[in-house]
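Below, each chain spelled out in residue letters.
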Amino acid sequence: MTADDPVASFEAQRPRLVRLACRMLGSRSDAEDVVQSAWIRWMGTDRGEVRSVPAFLARVVTRLCLDEMKSARARREIYVGAWLPEPVLDRAEEDIDGDDLTLTLMLALERLSPLERAAFLLHDVFGMPLDAVADTLGRKGPAVRQLAARARRHVREARPRFPVDRAEGERIAKAFFAATASGDLTALRGLLAENAELRSDGGGKVLAFPNPVRGIERLLRLYASLSRKWGSAWAEMIEPVWIDGLPGYISRERGAILQTTALAIECGRVVGIYVTRNPDKLQRVPRPASGAVDRDALAPIDDAVEGPGSGPQEHQAEAAARQRQAGRQWRT
């Protein structure tokens, strides 16, 4: 591909560049900012010297992402509660070549160093030759091979051994929502794996559990508590969707809190529940018509999880205090 028409050549690559940046940063808004910076650099480049537009632009975006990741990691050190990547709805990405990165793999990538993450994404996901990856990262070929190999070992266990069929995934997601919304614990027990885990991301702006909730019994107590406290049908499903390769849905709680829920499924059972509630991460999620807002929607759930194991009490109290403060600010 040549750069005869700089606008057309860049726009042809934009969807792929956004996808790459989003996978690097875990944030669609940050990814679009990076791609816009790449556009500015592209327009100031001597394009006659560019041999391959896709390779050149991928190199620019990757290097910008590596710079951005330094500040992004610093921001996550002070992030309130669990952090989840911004949900990408599969149906909203139909014009972009897909990849096999699920949300669980994205979380595994968070444990990698920035260079390992870049090497893995560029080579294993986006198919860039190792010599081109080495040039992009400013490293020698053997070093890049080691980076990619280490990354591969780290994410191997996060890959689903038995990918769920689309129809089966949608059936389980709908059944999971119906069981949790109605408080049907018998049906919910039949859907959950023994080692199931829930993570919720509120970013300190809306209520979310500060630590993962692990184990089927604790999850059953949690949903039983929600049902007792708020009654039946306390949640409303807006739309079933696929989120970063996982079946799930968009829902709203008591007319106030919009959220996405993605489910990791193995052997017909739910092993991971990933709930994104931070409104900053839901800007691109379709919003229903405004309903009545429950002003208690941001109040802490005092008895949602009983027993030990939900994390240090001091951390929970601190996070809850921040969330209450966020609620007061929201009300004003």
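Residues numbered from 1 in each chain as written. Predicted model: local features only at pLDDT ≥ 70, side-chain atom pairs only at ≥ 80, totals over all residues. Heavy atoms only, no water.

Glancing now at the pairing of strand 3 (residues 235-243). Note that strand 3 and strand 4 (residues 246-253) share 8 bridges and pair antiparallel. Opposite I243, over in strand 4, you have L246 as the bridge partner. Counted along the chain from strand 3 to the antiparallel partner strand 4, the turn is 2 residues long, and its residue D244 has a positive phi close to 50 degrees. (Pairing = 2+ DSSP bridges. Helix = DSSP H or I, 4+ residues; strand = E, 2+ residues; numbered from the N terminus.)

Enumeration according to the criterion identifies 18 salt bridges in this entry. Its salt-bridge partner being R59, residue D135 comes within 3.2 Å of it at the nearest N-O pair. Of the two residues, D135 is situated in helix 6 (residues 130-137) and R59 in helix 3 (residues 53-77); the sequence distance between them amounts to 76 residues. The class for D135 is partly exposed, based on a relative accessible area of 43%. Here R152 and D124 are joined by a salt bridge, their closest N and O atoms 2.6 Å apart. With R152 in helix 7 (residues 141-156) and D124 in helix 5 (residues 114-125), this residue pair connects regions lying 28 residues apart in the sequence. Take R152: its relative accessible area is 30%, and that puts it in the partly exposed class. Three or more residues joined by partner-sharing salt bridges are found here, namely R28, E32, E86 and R284. (Salt bridge = Lys/Arg side-chain N within 4 Å of Asp/Glu carboxyl O. Buried < 20%, exposed > 50% of the residue type's maximum accessible area, 1.4 Å probe, protein only.)

Turning our attention to the sheet that holds strand 3. As summarised here, the arrangement of the 6 strands in space is 2-1-6-5-4-3, forming an open sheet in which the pairing is mixed. Edge positions in the sheet fall to strand 2 (213-214) and strand 3, since each of these pairs with one other strand and no more. Packing against the sheet, helix 10 (residues 216-230) makes contact with strand 1 (192-201), strand 2 and strand 6 (269-276), and its axis sits at approximately 55 degrees to strand 1. (Contact = heavy atoms within 4.5 Å. Axes fitted to C-alpha atoms, helices over the stretch in contact; angles between N-to-C directions.)

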